[in-house]
Structures are given as structure tokens and as C-alpha cells.
Amino acid sequence: MHFTFKSSYWTDRYLENHAPWDLNHISRPLKEYIDHLQDKELKILVPGAGPGHEVSYLYRKGFKNVYYLDFSQKAADEFAIKEKDFPVDQILSDDFFNHSGKYDLILEQTFFCAFEPSEAARRKYVQKMYDLIHPGGILAGVWWSFLLNPDQENPPYGGSREEYERLFSEKFEIQKIDECYNSEPERMGKEYFCVFQKR
Ligand SMILES: C[S@@+](CC[C@H](N)C(=O)[O-])C[C@H]1O[C@@H](n2cnc3c(N)ncnc32)[C@H](O)[C@@H]1O
């Protein structure tokens with residue numbers, strides 16, 4: 001049995017100081033990807049940003065058109081306290097599925113894995129990403145490569161290359177689903193770096 005997790009589930013993890021997904025810094029794959037981006041004008045969304053390390057990194061690198069989004073008010077508040085110079089109107093405390101906007105680039109970092117791993121829920125994520133990205137825009141980041149454990153009740157929920165190909169290929173051109181060579185040591189061999197371009 002898998003569940004859908006409300007914002008209170010995540011807020012409780014933050015309040016308990018039990019957020020094992022938090023690397024305390026930007027992940028190496030995301031850092032390397034960002035370091036290769038040239039266009040500082042890109043409008044970028046980081047959904048399910050949690051502690052927001054990717055957002056902080058982007059902003060400091062000069063990507064001023066970057067948006068933080070997380071439906072845990074606690075996570076968003078913590079981010080605002082930590083990043084006093086970051087524009088408050090670019091900190092969105094909202095449900096991803098209620099959010100509207102259009103972005104050139106959306107970055108994925110342990111967000112997909114937060115949703116119940118049903119076909120319907122995963123298709124809903126893909127459709128929403130599609131809706132939020134400009135034609136030709138990019139969804140990039142890391143997705144777990146470990147397979148789903150049918151007995152697993154809580155996130156993170158993994159997936160397979162075949163599943164990612166099937167889910168994304170209808171609406172996105174799959175530019176890469178590569179075994180991640182620069183994962184954090186504890187995540188090595190467990191994630192793909194993916195780049196999907198909206199058709
Ligand atoms: C596993 S944590 C990852 C946080 C961050 N990306 C990281 O890697 O440290 C998942 C985050 O997604 C947020 N989240 C889950 N479902 C969401 C939704 N429907 N809308 C917005 N945020 C959501 C949670 O509040 C949580 O902060």
C-alpha cells in the first residue's frame with residue numbers, strides 16, 4: 001500500500017529534524033549541470049525545493065530569475081530565514097499541482113520520488129511538468145534508479161529506466177537517462193541523470 005503525502009507529513013519531518021534527503025549542500029550532479037548553463041536570464045523553477053540548496057546556488061551564480069517552490073510552509077520559512085537576500089516573491093509556498101507559470105527550465109532533486117508510485121500519480125507529475133515548461137524548455141535532474149520495493153510504505157520511491165522512458169517519451173524528447181557518474185558517495189549507483197525536452 002502506498003500513500004499520498006500531505007504537506008503536514010513533510011513539515012513534521014522538518015520539525016523533527018528528520019530530513020534524510022537533505023544533503024546540506026547542492027547535490028554534485030545538479031551543481032555540475034548548473035555550472036554548464038550559460039544563459040543567466042533563464043526562468044527556472046525548483047519544485048519541492050525543501051532546504052533549497054539548488055535555489056541558493058543558482059541565485060548566487062547570477063540566475064536571478066529562479067523560483068523556490070514547496071508546499072511545506074516550514075520549509076519555505078526556513079529558506080526565507082536562511083536566504084535573506086533572496087526575493088520573497090520568488091519563494092512560493094504552494095502545491096506544485098496548483099501552481100501555474102511557465103519556465104524555461106525545471107530542476108528535479110528528490111521530488112518525483114516523493115509521490116506515490118502509481119501510474120496515475122506519476123502521469124500527473126509528468127503532465128504538470130509539461131504544463132509548466134515552455135515549448136522546447138527542459139526538465140533536468142536526478143531520478144532514483146533503484147527499483148520500487150512493493151512493501152515500501154514511505155518515500156523515496158524509485159523507478160526504472162524503462163518506466164521513465166515510457167512516462168516521459170509521450171510529451172518530452174528524452175535527451176538523456178544516464179547512470180549518474182557524479183552522485184554523492186552515498187547515492188552512487190542509485191540515480192540517473194536525466195534531461196527531458198518538452199516537445
Ligand atoms: C524528499 S523532499 C526533497 C527536498 C529537496 N528537493 C532536497 O532534495 O533536499 C520532498 C519535498 O517536496 C515537497 N513536496 C512534496 N509534495 C509537494 C507538492 N505537491 N507540492 C509542493 N511541494 C511538495 C515536500 O514538502 C519536501 O520538501
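Residues numbered from 1 in each chain as written. Predicted model: local features only at pLDDT ≥ 70, side-chain atom pairs only at ≥ 80, totals over all residues. Heavy atoms only, no water.

Engineer: Hey, could you run me through the side chain of T110 in this one?
Structural biologist: Positionally, T110 belongs in the loop between β4 (103-109) and α5 (119-132). Since its relative accessible area comes to 19%, T110 is described here as buried. (Helix = DSSP H or I, 4+ residues; strand = E, 2+ residues; numbered from the N terminus. Buried < 20%, exposed > 50% of the residue type's maximum accessible area, 1.4 Å probe, protein only.)

Engineer: Can you help me understand the nonpolar core in this one?
Structural biologist: One broad rule of soluble globular proteins: the nonpolar side chains tend to lie buried together. With 36 residues, the main nonpolar core has Y33, L105 and L107 as its most contacted residues. No other element matches helix α3 (residues 53-60), which puts four residues into this core. The contacts of Y33, once residues within four sequence positions are left out, are L105, L107, I138, A140, F193 and V195. Counting 25 residues, the second-largest nonpolar core is a separate cluster that includes L45, Y67, F111 and Y192. (Core = buried A, V, L, I, M, F, W, Y, C linked by side-chain atoms within 4.5 Å. Contact = heavy atoms within 4.5 Å.)

Engineer: Sorry, what's going on with empty space enclosed by the protein here?
Structural biologist: A probe matching the size of a water molecule, rolled over the atoms, marks out where space remains unfilled. In the structure shown here, the tally under the stated rule is one cavity of 30 Å³ or more. Lining the largest cavity, in full, are E108, T110, F112, C113, V142, W143, W144, Y157 and Y164. Tallied by class, the residues present in the lining of the largest cavity amount to seven nonpolar, one polar and one charged. (1 Å grid on protein atoms, 1.4 Å probe; cavity = no way out; pocket = protein on both sides within 12 Å on 5 of 7 lines; lining within 4 Å. Points joined across faces, edges and corners; volume = space filled by probe spheres on them. Nonpolar A, V, L, I, M, F, W, Y, C, P; charged D, E, K, R; others polar.)

Engineer: For this particular structure, what's the right way to read the pairing of strand β7 (residues 191-198)?
Structural biologist: The two faces of the sheet receive side chains in turn, since in a regular strand these alternate between them. For β7, the tally of buried residues reaches seven of eight residues, placing the bulk of the element in the interior. Bridge count for strand β5 (residues 133-144) against β7 is seven bridges, and the pairing is antiparallel. Opposite G141, over in β7, you have C194 as the bridge partner. Where strand β6 (residues 172-179) lies against β7, seven bridges are found, and the strand directions are antiparallel. Paired with K176 across the bridge in β7 is V195. (Pairing = 2+ DSSP bridges.)

Engineer: Explanation requested: the packing of α5 against helix α6 (residues 161-169) in the structure shown.
Structural biologist: A pair of packed helices is characterised by two quantities: the angle between their axes and the separation of those axes. One can describe the packing of α5 onto α6 by two numbers: an axis separation of 9 Å at closest approach and a directional angle of 55°. Comparing their axes, α6 and α5 come out oblique. Every pair of crossing elements has a handedness; the one defined by α5 and α6 is right-handed. Mapping the contact onto sequence places E119, R122, R123, Y125 and V126 in α5 and E163, R166, L167 and F168 in α6. Class assignment for the residues of the contact of α5 with α6 results in four nonpolar, no polar and five charged. (Axes fitted to C-alpha atoms, helices over the stretch in contact; angles between N-to-C directions. Parallel < 35°, antiparallel > 145°, perpendicular 65-115°, else oblique. Left-handed = near helix turned anticlockwise from the far one by under 90°.)

Engineer: It is not clear to me how the pairing of β5 should be interpreted in this structure. Could you clarify?
Structural biologist: The buried fraction of β5 is high, at nine of 12 residues. Sheet analysis places β4 next to β5, joined by six bridges and oriented parallel. Paired with E108 across the bridge in β5 is G141. Handedness of the crossover joining β4 and β5 through α5 is recorded here as right-handed. (Right-handed = clockwise from strand over helix to strand, strands pointing away.)

Engineer: When you look at unusual backbone geometry in this model, what are you seeing that I'm missing?
Structural biologist: Trans peptide bonds make up most of the peptide bonds, and negative phi angles are found at most residues other than glycine. Geometrically, the link from P155 to P156 is a cis peptide bond, its omega value of 10° lying close to zero. Locating P156 in the fold gives a position in the loop between β5 and α6. For N17, which is not a glycine, the phi torsion comes out positive at approximately 60°. In this structure, N17 sits in the loop between α1 (7-15) and α2 (28-35). Assessed through its relative accessible area of 73%, N17 is described here as exposed.

Engineer: Where do I start with the site of the ligand in this structure?
Structural biologist: Lining the immediate surroundings of the ligand are 19 residues, of which Y14, G48, D70, Q109 and T110 lie closest. Contacts to the ligand include Y14, whose side-chain N or O atom sits 2.6 Å from an oxygen atom. Contact distances for the ligand include 3.0 Å between a nitrogen atom and a side-chain N or O atom of D95. Because more than half of its atoms lie within 2 Å of the grid, the ligand is assigned to the largest pocket. Grouping the amino acids of the shell around the ligand by side-chain chemistry returns 11 nonpolar, five polar and three charged. (Near = heavy atom within 4 Å. Polar contact = N/O pair within 3.5 Å; in protein donor to acceptor, adjacent residues only side chain to side chain. Sits in = over half its atoms within 2 Å of the grid points.)

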